[in-house]
Amino acid sequence: DTAVSQTPKYLVTQMGNDKSIKCEQNLGHDTMYWYKQDSKKFLKIMFSYNNKELIINETVPNRFSPKSPDKAHLNLHINSLELGDSAVYFCASSQEGGVRTEAFFGQGTRLTVV
Amino acid sequence: KQEVTQIPAALSVPEGENLVLNCSFTDSAIYNLQWFRQDPGKGLTSLLLIQSSQREQTSGRLNASLDKSSGRSTLYIAASQPGDSATYLCAARDDKIIFGKGTRLHILP
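Residues numbered from 1 in each chain as written. Chains lettered and ligands numbered in written order. Predicted model: local features only at pLDDT ≥ 70, side-chain atom pairs only at ≥ 80, totals over all residues. Heavy atoms only, no water.

Counting across every chain of the model gives 2 disulfides over all chains. Note on cysteine connectivity: Cys23 of chain A is disulfide-linked to Cys91 of chain A, with sulfurs 1.8 Å apart. Disulfide Cys23 of chain A to Cys91 of chain A: torsion about the S-S bond roughly -80 degrees, handedness left-handed. In this pair, Cys23 of chain A sits in strand S3 (residues 19-25) while Cys91 of chain A sits in strand S9 (residues 87-94), placing the two residues 68 residues apart along the sequence. Residue pairing for Cys23 of chain B: its cysteine sulfur links by disulfide to Cys90 of chain B, the two sulfurs lying 1.9 Å apart. Disulfide Cys23 of chain B-Cys90 of chain B: the torsion about the S-S bond is 75 degrees, which places it as right-handed. Of this pair, Cys23 of chain B sits in strand S3 (residues 19-25) while Cys90 of chain B is found in strand S9 (residues 86-93), placing the two residues 67 residues apart along the sequence. The pair formed by Cys23 of chain B and Cys90 of chain B is uniform in burial state, with each residue classed as buried. (Disulfide = S-S within 2.5 Å. Helix = DSSP H or I, 4+ residues; strand = E, 2+ residues; numbered from the N terminus. Buried < 20%, exposed > 50% of the residue type's maximum accessible area, 1.4 Å probe, protein only.)

Let us now look at the sheet that holds strand S6 (residues 56-59) of chain B. The strands making up a sheet are joined through hydrogen bonds of the backbone, oriented either antiparallel or parallel. Residues and elements named next belong to chain B. Judged by pairing direction, the sheet is antiparallel, and its 5 strands sit side by side in the order S1-S3-S8-S7-S6 without closing on themselves. A strand with exactly one partner marks an edge of an open sheet, and here the two such strands are strand S1 (4-7) and S6. Ignoring strand direction, the axes of neighbouring strands in this sheet form an average angle of 15 degrees. Where S6 lies against strand S7 (residues 62-67), 4 bridges are found, and the strand directions are antiparallel. Paired with Ser59 across the two strands is Leu62, which belongs to S7. (Pairing = 2+ DSSP bridges. Axes fitted to C-alpha atoms, helices over the stretch in contact; angles between N-to-C directions.)

Turning our eyes to something else, we now look at the interface of chain A and chain B. On the chain B side, the residues contacting the 21 residues of chain A number 20 residues. Taken together, the two surfaces of chain A and chain B that pack against each other cover about 1700 Å², and 55% of this comes from carbon and sulfur. Linking chain A with chain B are 2 salt bridges, by the criterion used here. Linking Lys96 of chain B and Glu58 of chain A is a salt bridge whose minimum nitrogen-to-oxygen distance equals 2.7 Å. Across the contact surface, chain A and chain B share 8 residue pairs in polar contact (both at pLDDT 80 or more). A per-element tally of the side of chain A that touches chain B places strand S4 (residues 31-37) of chain A first, with 3 residues. A breakdown of the residues in the side of chain A that touches chain B according to their chemical character gives 10 nonpolar, 6 polar and 5 charged. (Contact = heavy atoms within 4.5 Å. Buried area = accessible area lost by both parts, 1.4 Å probe. Salt bridge = Lys/Arg side-chain N within 4 Å of Asp/Glu carboxyl O. Polar contact = N/O pair within 3.5 Å; in protein donor to acceptor, adjacent residues only side chain to side chain. Nonpolar A, V, L, I, M, F, W, Y, C, P; charged D, E, K, R; others polar.)

Structure below.
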């Protein structure tokens, strides 16, 4: 039973298109994240949501809009895709209230913009 | 602003050797530190989590230590095996989870 699941796993799309990536966690965690892993494999935080509220927005272009319909889901919508958006996007979750637990990551979504 | 550094960036060792991966962080006010493993083209697998009040954690052949005051953590791998080849990432958590750039480990058969 997958703890953090993302869909799709692969996404190839043309410049200018709009696309969404979905993420769900079944761990009961209160916090979810989106990370971007660039071509040099560096993982950088983009957004963090706690109980559906945006907590962290790391100066990501406003073409990226996260949405959290409930605390188990955090989706990422990207408008007007650019070549530089090509990367692997990881969703993660953890518990922030009380003792902070380990973070669990999804398997990633490899986005290729052509 | 928290910065996490991992040394070395890459490491190749013969099978069977013990090895140490290093991680340092600039702000000691962390809640915990987590070590991950990433295989090529795959996601992140959590290896060990050390809470700020702890000094070390062990899981099988892996042992992670944490010295918060000096801003350092080490991951010790005993009796390395070819299957240990992967990129190892450390992540320090304050109000965010900040990653180092990883150590690419290659175990030579």
